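Listed below are the residues making up each chain.
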2 protein chains.
Amino acid sequence: MVTMTRTVVLAAPSEQSSDVTRVAVSTVIFTLRRDPAQENPVIALPLVRRTRDPYEGLWALPGGWLDQDESLDDAAARTLAETTGIAPSYLEQLYAFGAVDRSPTRVISIVYWALVRPDEIPSHEAVPAYDAENVTWVDAAHLPPLAFDHTEIVDYALWRLRNKAGYSRIAHGLLPDEFTLAELREVYESILGRRLDPANFRRQVDNSETLIPTDRFRTGSHRPARLYRYNQDVELADRGPLIARP
Amino acid sequence: MVTMTRTVVLAAPSEQSSDVTRVAVSTVIFTLRRDPAQENPVIALPLVRRTRDPYEGLWALPGGWLDQDESLDDAAARTLAETTGIAPSYLEQLYAFGAVDRSPTRVISIVYWALVRPDEIPSHEAVPAYDAENVTWVDAAHLPPLAFDHTEIVDYALWRLRNKAGYSRIAHGLLPDEFTLAELREVYESILGRRLDPANFRRQVDNSETLIPTDRFRTGSHRPARLYRYNQDVELADRGPLIARP
DNA sequence: ACAAAAGTGTTGTTTGTACACCCATGC
DNA sequence: GCATGGGTGTACAAACAACACTTTTGT
């Protein structure tokens, strides 16, 4: 094989690490943010500032190198916790990115995507490594320039989120424990980018058996709205045979 | 495939290969096979016999090591061509597998899945490296014991195939250029594992605008059936923003 | 009382499903 | 002619979408 010759040359001991294919793990973390200027909540995600080359100073997805003795899933959870302190309510592999020129050195990035409920976002003080200077939360619809191919990655993650919202109960992963139907509907409206009929929406989730009504109500505005909680027996999404199920 | 193993060892004399995380690419290739014993065609896939440890002698998915200067997609296409001579009609990334213990040495496998039309399978003579001893096609429903975690991988690929058959025109990737509606229906029946009403099936694909009727007919049995061809303007499946579209 | 959101009812359309039936060919 | 799969029509049910209407609160 042609490749053999080339590999041997490149892999010679005298070369630097740039001759090695390294595996990184990154995560696109979605949450919702109430924007006073907007009617509906807005999809937001955290970015970390790069403190070294390449792309020093630019924003990038949180992530890190895969350790020798940890699985991809573990690496995603670990790097997430280290960089943002987040333990997400939903975490799923998104895609493996491996274009040759996506980084100056050869890096394969296994990218995950996650949903976090607003109440799962730790306060800055609770995260030892938190560095307010170098972490920011941005509106997914108005991304700053990102390092590497991370803009493309976020776009793909958004596509998956919208897609999955159409056929699964994934939006619950963005809401706190108890919520009103209007709040749930607003989540879907934010993700799908269109208005939904409140009456029909109510019936749909009603029939889906995914919600458990509580006897508590959200008061304050007009007629109090019943609070619901998510039925834990129903999976947020069918993830196929990879995930062990009861 | 084997070459790289050796190279890595040579390239890092002070370390064993088990200290390096290597990236492999494998592909689950689906095609259809007419089984005289069965009413409908059967989903089949090619396996290659392992000729060295680990799992020497067992069947495994075709694949190989990722080259330093090729993208993941290119590696999938290349290893596919090298081991089986196949250029598939549909090729998509499936999942990245990275459990620590899935191989004695640390290997991350980026797995693809592919569909090939029966007429795209090259004859053995046309593939220089073809080794009849060490390549076999098996019924996806009756897998022999496989090396590594490949059984799990095939199960996941089958789940994805069935899933995708439900909401896309993916089944066309398994048929030759011209086909009857009954043949197309049989493909869906094989994938989904249940019978479909011929009348309703006809109307569904009719309305979907994905088929172009020809003026040719398949004769031989009873009333001749019109041959259709696939409308190239319609994508087999929506693959999101990762794939450039017109 | 009134505005506004919560929640219910009604109606028409679209989609899916079951199945009866005619059509064209090989035997 | 008759069996068989190709192809059409129809009737019912479920899901979806539009929107009028009632209920319950804050002000």
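Our structure is the block above this text.
Calculation criteria
- Residues numbered from 1 in each chain as written.
- Chains lettered and ligands numbered in written order.
- Predicted model: local features only at pLDDT ≥ 70, side-chain atom pairs only at ≥ 80, totals over all residues.
- Heavy atoms only, no water.
- Pairing = 2+ DSSP bridges.
- Helix = DSSP H or I, 4+ residues; strand = E, 2+ residues; numbered from the N terminus.
- Axes fitted to C-alpha atoms, helices over the stretch in contact; angles between N-to-C directions.
- Contact = heavy atoms within 4.5 Å.

Q: Explain the sheet that holds strand β10 (residues 225–230) of chain B here, please?
A: Residue and element names in this part refer to chain B. Reading across the sheet, the 3 strands line up as β8-β10-β9 and stay open at both edges, with antiparallel pairing between neighbours. Each end of this open sheet is capped by a strand with a single partner; those strands are β8 (178–180) and β9 (211–218). Along the sheet, successive strands turn relative to each other by an average axial angle of 40°, direction set aside. Note that β9 and β10 share 5 bridges and pair antiparallel. If you follow Pro-213 over to β10, its bridge partner there is Tyr-228. Running at roughly 80° to β8, helix α4 (residues 181–192) makes contact with β8, β9 and β10 of the sheet.

Q: What exactly am I supposed to notice about the sheet that holds strand β8 (residues 178–180) of chain A here?
A: In a beta sheet, neighbouring strands are held together by backbone hydrogen bonds and run either parallel or antiparallel to one another. All names here are of chain A. With antiparallel pairing, 3 strands are arranged side by side in an open sheet as β8-β10-β9. Each having just a single partner strand, β8 and β9 (211–218) make up the two edges of the open sheet. Averaged over all neighbouring strand pairs, the angle between strand axes comes to 40°, with direction disregarded. As paired strands, β8 and strand β10 (residues 225–230) are joined by 3 bridges and run antiparallel to one another. Looking across to β10, one finds that Glu-178 is bridged to Arg-229. The sheet strands contacting helix α4 (residues 181–192) are β8, β9 and β10, and the helix crosses β8 at an angle near 80°.

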